[in-house]
Amino acid sequence: ILVGAINLLAHLGVEFTATASLETILSAIVYVIDLGITLGVPALLLFEKSDRNSLGLQGIFTWTDIGMGVIGFILSMIGALIVSALAVMVFPWIDMEQTQEIGYENISGFKDMMMAFLALVVIAPVAEEIVFRGWLYGKLRKHTWAIPAILLTSIAFGVAHGQWNVGITVGVMSVFMCLIREMTGTIYGGMIVHMLKNGLAYYLLFVYGM
């Protein structure tokens, strides 16, 4: 989403230096707009408002959520490795080594690192979980069984990332995050899974790779 917003501004002729702070602010704005459209448009056009319960945001984080998140993260990573290997066997043209564009190509210093961490490991997981496992899965689950709702949500989540290799990984991850919501009734465990996955990617890209 962040890269798409930056590219859109570039096409519109808006020139700016993509500092880590600016990219983080832009990311937050884009996610707020996304949440506003996702939650607001159905409420205005269909008179179908979303409350905390329908979004899986009732209550607060619990130790159960944290435990489910850790377990879900481990299982989703194992599942992603298996599904990715099978996908390459069936579709050998898929490049599983393709680099994901996430912005923050030129960061340096502690401040930039913290800005990137805030955007990628905190803001993105929270906003995307509200949209996909909160709103989308919640709406689908009202009208169908768990399995179709899980599959449709996970396919949509994978497609939204715009790359085959990333889409496969996050699609498998989404299956486990949907299952966690199904079992707990909230999206907090899914947020933990998402944060751990993005945190691992952040470490590999910006810490280990330095």
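Here, every reference points to the structure presented above.
Cut-offs used in this document
Residues numbered from 1 in each chain as written. Predicted model: local features only at pLDDT ≥ 70, side-chain atom pairs only at ≥ 80, totals over all residues. Heavy atoms only, no water. Helix = DSSP H or I, 4+ residues; strand = E, 2+ residues; numbered from the N terminus. Buried < 20%, exposed > 50% of the residue type's maximum accessible area, 1.4 Å probe, protein only. Contact = heavy atoms within 4.5 Å. Areas by Shrake-Rupley, 256 points an atom, 1.4 Å probe, with all protein chains shown as cover. Axes fitted to C-alpha atoms, helices over the stretch in contact; angles between N-to-C directions. Parallel < 35°, antiparallel > 145°, perpendicular 65-115°, else oblique. Left-handed = near helix turned anticlockwise from the far one by under 90°. Nonpolar A, V, L, I, M, F, W, Y, C, P; charged D, E, K, R; others polar. Salt bridge = Lys/Arg side-chain N within 4 Å of Asp/Glu carboxyl O. Core = buried A, V, L, I, M, F, W, Y, C linked by side-chain atoms within 4.5 Å. Phe/Tyr/Trp six-rings, centres within 6.5 Å; stacked < 30°, edge-to-face > 60°. Lys NZ or Arg CZ within 6 Å of the ring centre and 35° of its normal. Expected span 1.5 Å × (residues − 1).

A.B. asks: Could you give an account of the overall build of the protein chain, naming the residues involved and the relevant values?
C.D. replies: Along the protein chain, the regular secondary structure elements total seven helices and zero strands. Ordered by position from the N terminus, the helices and strands of the protein chain form the series α-α-α-α-α-α-α. Expressed as a percentage of the 210 residues in the protein chain, the buried residues total 41%. Taking as baseline every contact in the protein chain between residues at least 6 positions apart, the subset at least 24 positions apart corresponds to 76%. When the accessible surface of the protein chain is summed, it comes to about 11900 Å², and 73% of that surface belongs to carbon and sulfur atoms.

A.B. asks: Before we move on, can you summarise the packing of helix H3 (residues 63-90) against helix H7 (residues 188-207) with the specific residues and values?
C.D. replies: Two elements in contact, H3 and H7, have axes separated by 7 Å at closest approach and are oriented at 50 degrees. As summarised for this structure, H3 and H7 are arranged oblique, according to the angle between their axes. Between H3 and H7 lies a crossing whose hand is right-handed. Across the interface between the two elements, Asp65, Ile66, Gly69, Val70, Gly72, Phe73, Ser76 and Met77 from H3 touch Tyr188, Gly189, Ile192, Val193, Leu196, Lys197 and Leu200 from H7. Grouping the constituent residues of the contact of H3 with H7 by class yields nine nonpolar, four polar and two charged.

A.B. asks: How would you sum up the pattern of salt bridges? Please name residues and give values.
C.D. replies: With the rule as written, the count across this model stands at two salt bridges. Measuring nitrogen to oxygen at the nearest pair gives 2.9 Å for the salt bridge that ties Arg141 to Glu182. Of this pair, Arg141 sits in helix H4 (residues 109-143) while Glu182 sits in helix H6 (residues 164-184), and the two are 41 residues apart along the sequence. Under the relative-accessibility criterion, Arg141 is labelled partly exposed at 31%.

A.B. asks: If you had to explain the environment of Glu105 to someone new, which residues and values would you point to?
C.D. replies: Positionally, Glu105 belongs in the loop between H3 and H4. Its relative accessible area of 55% is what places Glu105 among the exposed residues. Taking the C-alpha atoms as reference, Glu105 lies 9.7 Å from Phe206; in sequence the two are 101 residues apart.

A.B. asks: Before we move on, could you go through the nonpolar core and cite the residues and values that matter?
C.D. replies: Membership of the largest hydrophobic core is limited to twelve residues, which are Phe73, Met77, Val131, Phe132, Leu136, Phe157, Val166, Val170, Met173, Met177, Ile180 and Val193. Among the secondary structure elements, those contributing two or more residues to this core are H3, H4 and H6. By residue number, the principal contributor to this core is H6, which donates five residues. Core analysis: the second largest hydrophobic core is formed by eleven residues, Ala20, Ile107, Met113 and Ala119 among them.

A.B. asks: Lay out the packing of aromatic side chains with the relevant residues and their values.
C.D. replies: Aromatic ring pairs are described here by two measures, namely the spacing of the ring centres and the angle between the planes. Counted by the stated rule, this structure contains seven aromatic pairs. Geometrically, the ring pair formed by Tyr203 and Tyr208 is tilted, given 6.3 Å between the ring centres and 40 degrees between the ring planes. With relative accessibility at 60%, the residue Tyr208 sits in the exposed group. Ring pairs connect the aromatic residues Phe91, Trp93 and Trp164, which therefore count as one cluster. The positively charged end of Arg133 is found above the aromatic ring belonging to Phe157, 4.0 Å away from the centroid.

A.B. asks: Now, about the packing of H4 against helix H5 (residues 146-160): what can you tell me, with residues and values included?
C.D. replies: Interaxial distance between H4 and H5 falls to 9 Å at its minimum, and their mutual angle equals 145 degrees. The two elements H4 and H5 cross, and the hand of that crossing is right-handed. Touching Glu128, Phe132, Arg133, Leu136, Tyr137, Leu140 and Arg141 of H4 are Ala146, Ala149, Ile150, Leu152, Thr153, Ala156, Phe157 and Ala160, all from H5. For the contact of H4 with H5, the per-class residue count stands at eleven nonpolar, one polar and three charged.

A.B. asks: Tell me what's going on with H3, and back it up with residues and numbers.
C.D. replies: Under the 1.5 Å per step criterion, the end-to-end length of H3 is 40 Å for 28 residues, consistent within 8% with the ideal 40 Å. Within H3 the residues assigned to the buried category are Asp65, Gly69, Gly72, Phe73, Ser76, Met77, Gly79, Ala80, Ser84 and Ala87. Summarising the contacts, the buried residues of H3 are in contact with H6 and H7.

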